[in-house]
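Letter by letter, the chains look like this.
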Amino acid sequence: MSFAKAQELLKLAMMATRRSGVSLEEIIEEFGCVHRTAQRMTEALEGAFPQTQADDGDDRKRRWRIPARAVAQLLTPSAEELAALKAAINELDAVGMTTESATVRQLERKVRALIPPEAGTRLGVDEEVLLEALGHAARPGPRPAMSSDVDAAISEALKGPFLLKILYRKRQEDRARERIVAPHGLLLGVRRYLVARDTAKAAGAPLQHYRVEEIYSAEVLTESFELDEGFNIRSHAEKGFGSYESAAEHGDVVWRFSAKAAPHARRFVFHPTQSVEEEADGSLLVRFQASGHIEMCWHLYAWGKSVEVLQPAALRKMLHGHQRDFDVLP
């Protein structure tokens, strides 16, 4: 058996350790093979792992299962996997998701505890090299101060979901005041925003954004609640250019990048819903729908005079007179 085939067989064995096992259809989808090849793979699985059980379910589909203990000793993680896990922890720390990073760090400890001693030294050396190579993945630059207690409370409330009592100060307020909110999600960006419904407002009121760094304290309440019907954090995030969202500002956005800057701009995804259009003179039009004019201005300033705002007019007015030529592009 070739090395590649052995890797595929081990991958199939891992799939078969799932509670539901693995079916021919799932094998075909995962490995991109035909039905007959999938059958041969299950025959090889049964030959290599005598513990394999094949059962027909209520849907009349045959599924192959292997007890996890039968393959546990073959599943030593690679240096690449360990380095990726460490990089993920660092990234969670960088964006302020301290509760999640602590959970993944605990998972990392469990994984490392299962590594056979004879493999640990070799993996450690390889992982160290990979982590050094991944050093560029660290997120530099300023970021808002964070409170681990507030972050932990938000994380717990979102998992419930439970109502959250917060001490929060709006920009126009002199002092913070207490609010009880129903948290729906968290937006990450230059600033972090808690997306939540103020329970003191009338039913049907729109969700609001609370700057996390302006939450001075947070307490998880025992009362649960129903998320707004149809709410999806990814779809909600697409309403804004960054982490800020405003229904009053939401609308068509059109930017034109000069012919000189166009090749660089093509390598950017400015918004998940964007479309691009090349013009005859080599310039590039980028179109999408979003809000958050201030965050757009912050980003567009870095492009200097190589970008022109065609829409909206309010954004064009905000940027006018502040553009200059830079030696480099973002």
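Residues numbered from 1 in each chain as written. Predicted model: local features only at pLDDT ≥ 70, side-chain atom pairs only at ≥ 80, totals over all residues. Heavy atoms only, no water.

Colleague: When you look at the side chain of H236 in this model, what are you seeing that I'm missing?
Modeller: Here H236 is to be found in helix α8 (residues 233-237). Setting aside residues no more than four positions away along its own chain, H236 makes contact with L187, V195, H209, F231 and E245. (Helix = DSSP H or I, 4+ residues; strand = E, 2+ residues; numbered from the N terminus. Contact = heavy atoms within 4.5 Å.)

Colleague: I would appreciate a short explanation of the environment of L227 in the present structure.
Modeller: Looking at the secondary structure, you find L227 in the loop between β8 (215-224) and α8. Residue classification places L227 among the partly exposed positions, given a relative accessible area of 43%. Linking L227 and P183, residues 44 residues apart in sequence, is a C-alpha distance of 8.3 Å. Each residue touching L227, except ones within four places of it in the same chain, is listed here: P161, P183 and H184. (Buried < 20%, exposed > 50% of the residue type's maximum accessible area, 1.4 Å probe, protein only.)

Colleague: I'm lost on the pattern of salt bridges in this one. Help?
Modeller: When charged atoms on two side chains of opposite charge get close, those side chains can pair. Applying the stated rule across the entire model yields 17 salt bridges. Between E30 and K11 there is a salt bridge, with the nearest N and O atoms lying 2.7 Å from each other. Here E30 is found in helix α2 (residues 24-31), whereas its partner K11 is found in helix α1 (residues 3-16), with 19 residues between them in sequence. Relative accessible area serves as the criterion here: at 36%, K11 is assigned to the partly exposed category. Here E214 makes a salt bridge to R169, at a shortest N to O gap of 3.4 Å. You can see E214 sitting in the loop between β7 (208-211) and β8 and its partner R169 sitting in the loop between β4 (162-168) and β5 (177-187), a full 45 residues away along the chain. (Salt bridge = Lys/Arg side-chain N within 4 Å of Asp/Glu carboxyl O.)

Colleague: Looking at this structure, I do not really get the sheet that holds strand β1 (residues 22-23). What am I missing?
Modeller: Read across the open sheet, the three strands follow the order β1-β3-β2; overall the sheet is antiparallel. The sheet is open, and its two borders are formed by β1 and β2 (53-56), each paired with just one other strand. Inspection of the sheet shows β2 paired to strand β3 (residues 62-65) by four bridges, in the antiparallel sense. Residue pairing across strands places D56 opposite R62, the latter belonging to β3. (Pairing = 2+ DSSP bridges.)

All quantities given are derived from atomic positions and should not be read as evidence of function.
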